[in-house]
Amino acid sequence: MKTTTTTTSNLFRANIAGSTAGMSLMPAAVPAAMSAMMVAVLACTAGSAQAQSVVGWGSNLQGQLNGTSSVGAVIEISSGIYHNVGARQDGTIVAWGSNNAGQLDVPTPALTDVTCVSAGDYHSIAARANGTAACWGDNFFGACDIPVGLNNVVGVSAGEQFSGALLADGTVVVWGWDSLNRLGVPADLTHVIKLDLGA
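Residues numbered from 1 in each chain as written. Predicted model: local features only at pLDDT ≥ 70, side-chain atom pairs only at ≥ 80, totals over all residues. Heavy atoms only, no water.

This paragraph deals with the packing of aromatic side chains. Under the criterion given, the structure shown has 2 aromatic pairs. An angle of 80° between the planes, with centres 5.0 Å apart, marks the rings of Phe 140 and Phe 141 as edge-to-face. Accessibility expressed as a relative area gives 66% for Phe 140, which makes it exposed. Between Phe 141 and Trp 177, the ring centres sit 4.8 Å apart and the planes meet at 25°, which makes this aromatic pair stacked. Residue Phe 141 is found in the loop between β11 (133-137) and β12 (153-158), and its partner Trp 177 is found in the segment after β14 (172-176); the two are separated by 36 residues along the sequence. Under the relative-accessibility criterion, Trp 177 is labelled partly exposed at 27%. Chaining the aromatic ring pairs together yields one cluster made of Phe 140, Phe 141 and Trp 177. Over the ring of Phe 162 we find Arg 182, and its NZ or CZ is 4.8 Å from the ring centre. (Phe/Tyr/Trp six-rings, centres within 6.5 Å; stacked < 30°, edge-to-face > 60°. Buried < 20%, exposed > 50% of the residue type's maximum accessible area, 1.4 Å probe, protein only. Helix = DSSP H or I, 4+ residues; strand = E, 2+ residues; numbered from the N terminus. Lys NZ or Arg CZ within 6 Å of the ring centre and 35° of its normal.)

So this is what it looks like as structure tokens:
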């Protein structure tokens, strides 16, 4: 059994839980006064064998719900402010919603070995099976300036104008906007198993 949690703006949570026989969605409560701030939140649902489709709800102001019926067989999804990105079972990327900062412009030639993805406010990042990362979208503060020589990447996360990678040795590398010392990774931080930069 595998459980995954996807969040958007810390307002809504979709718990994806189940086996290959099926999954259920359990939205968290959202205060009525905050519900108008919602953007698209996505959750994988299961077919007879593997996760196959995406369900979306919330605001569709920038078309962030329009692609949910045609994304293909996805294994992971992530939501930015007005865009969404997913990793397909075949290792390719699908993205939909607003493209005002190039956040839908997946690098070419097409990525075919993606293992995980993450959507920031206006950019996205993906980890590849070869241990490298790819990033696209808004780069005003350097969120897509992947450090030269970065390898052994096993996980990625995109936040508000900054990005990060989890390495195979359990260490973390972050780059982009250093507001509030968000790039100040503790020098002795090791044995990390999950990276989430938030917004």
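There's plenty left to go through after this.
Judged by nonpolar contacts, the single largest core of 13 residues is most densely connected at Ile 125, Leu 150, Val 153, Val 156 and Ala 165. Breaking this core down by element, the ones donating at least two residues are β10 (123-128), β11, β12 and β13 (162-167). In terms of residue count, the dominant contributor to this core is β12 (3 residues). Apart from the residues within four sequence positions on either side, Leu 150 is in contact with Gly 131, Thr 132, Ala 165, Leu 167, Val 173 and Trp 175. Membership of the second largest hydrophobic core comes to 10 residues, among which are Val 114, Val 117, Ala 126 and Ala 134. (Core = buried A, V, L, I, M, F, W, Y, C linked by side-chain atoms within 4.5 Å. Contact = heavy atoms within 4.5 Å.)

Turning our attention to the pairing of strand β6 (residues 74-79). Here 5 bridges tie β6 to strand β7 (residues 83-88), and the two strands are oriented antiparallel to one another. By the bridge assignment, Ile 77 is partnered in β7 with Gly 86. In this antiparallel pair of consecutive strands, β6 and β7, the connection spans 3 residues. (Pairing = 2+ DSSP bridges.)

Before going further, it helps to examine the environment of Asp 113. Positionally, Asp 113 belongs in the loop between β8 (93-97) and β9 (114-119). Counting along the chain gives 21 residues from Asp 113 to Thr 92, while the straight-line C-alpha distance between them is 6.5 Å. With near-sequence residues (within four places) excluded, Asp 113 lies in contact with Gly 91, Ala 127, Arg 128, Ala 129 and Asn 130. Among the polar contacts made by the side chain of Asp 113, one reaches the side chain of Arg 128 at a distance of 2.8 Å. (Polar contact = N/O pair within 3.5 Å; in protein donor to acceptor, adjacent residues only side chain to side chain.)

Inspection of the secondary structure puts Ser 157 in strand β12. A polar contact of 2.9 Å, which involves the side chain of Ser 157, links it to the backbone nitrogen of Leu 197. Residues in contact with Ser 157, not counting those within four places in the same chain, are Ser 118, Ile 125, Ser 163, Gly 164, Leu 195, Asp 196 and Leu 197.

Read across the sheet, 3 strands follow the order β9-β10-β11 without closing on themselves; strand pairing throughout is antiparallel. Two strands lie at the open edges of the sheet, namely β9 and β11, each paired on one side alone. Neighbouring strand axes in the sheet, compared pairwise and without regard to direction, differ in orientation by 15° on average. Alignment of β10 against β11, held across 5 bridges, turns out to be antiparallel. Bridge pairing in β11 links Ala 127 to Ala 133. (Axes fitted to C-alpha atoms, helices over the stretch in contact; angles between N-to-C directions.)

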